[in-house]
Amino acid sequence: MSNTNVSPDNEVIERSAHEPAVFALLFDRHAKVVYRYAAQRLGDSLAEDVMSETFLVAFERRSSFDPTVVDARPWLLGIATRLMRKHARVEATAWRGMAAELAAQVASDFIEQAGSRIDAERLTRRLAKALRRLSDTDRDTLLLYAWADLSYSAIATAMNVPVGTVRSRLSRARRQLRRAAGTSTLEQEMDHGRTDTAPQHP
């Protein structure tokens, strides 16, 4: 039998059905990622609560985890994303600060193009307004891509939707952000060095 410490996530979850304490390994592996994602969206004050609740929910629902998926990170971040919807009002107050960072990560190309025509402060205001106008699902998809650093297939797993839906949501969100910045919507979509991978399960 392989050492639990080096076993993939799906094996750890499967084993935790009979040895619940083993589930703590998932916390050790992924708590920082979940915390960082929550902190970027909600701030440090709520990130700890979201992180803790994410792992509690995951533990309670571990029997529903797809055992063919090796990496539990998309599953955990999907849980965290749904939990954060309870804090929508808190998140809304952070949009101004988030806009510049998010734009830099998701569409650095259009910020550079807009720079000569619009100052940074006005651009941030426009992007913040555009972010607020995104649907919850489009915004969640965008943030899982930009801040959780998930591939399209991993986002599909996190949100329980087809990869094609993820592509459509990201395309729509980028288009709205580019329109808000006053740049062309025809630039090639950029993955910023990430390679999309095939889904890990049918």
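Rules and cut-offs
Residues numbered from 1 in each chain as written. Predicted model: local features only at pLDDT ≥ 70, side-chain atom pairs only at ≥ 80, totals over all residues. Heavy atoms only, no water. UniProt positions renumbered as here; feature names shortened; annotations may be inferred. Helix = DSSP H or I, 4+ residues; strand = E, 2+ residues; numbered from the N terminus. Expected span 1.5 Å × (residues − 1). Buried < 20%, exposed > 50% of the residue type's maximum accessible area, 1.4 Å probe, protein only. Arc of directions from axis to C-beta. Salt bridge = Lys/Arg side-chain N within 4 Å of Asp/Glu carboxyl O.

Per an unreviewed UniProt entry, the chain goes by the name ECF subfamily RNA polymerase sigma-70 factor and belongs to Microbacterium aurantiacum. Under the heading Sequence similarities (unreviewed entry), UniProt records this for the chain: "Belongs to the sigma-70 factor family. ECF subfamily."

The end-to-end C-alpha separation of helix 3 (residues 44-60) is 25 Å, in line with the 24 Å expected for 17 residues at 1.5 Å each. Taken residue by residue, helix 3 has Leu 46, Ala 47, Val 50, Met 51, Thr 54, Phe 55, Val 57 and Ala 58 as its buried positions. The arc that holds the buried residues of helix 3, viewed along the axis, is 165°, so those residues lie on one side. In this structure, helix 3 carries Ser 45, Leu 56 and Glu 60 as exposed residues pointing more than 90 degrees from its buried face.

With the rule as written, the count across this model stands at seven salt bridges. The shortest N-O distance in the salt bridge between Arg 15 and Glu 19 comes to 2.8 Å. Overall, the relative accessible area of 35% leaves Glu 19 in the partly exposed class. Connected via shared salt-bridge partners are Arg 41, Arg 85 and Asp 140.

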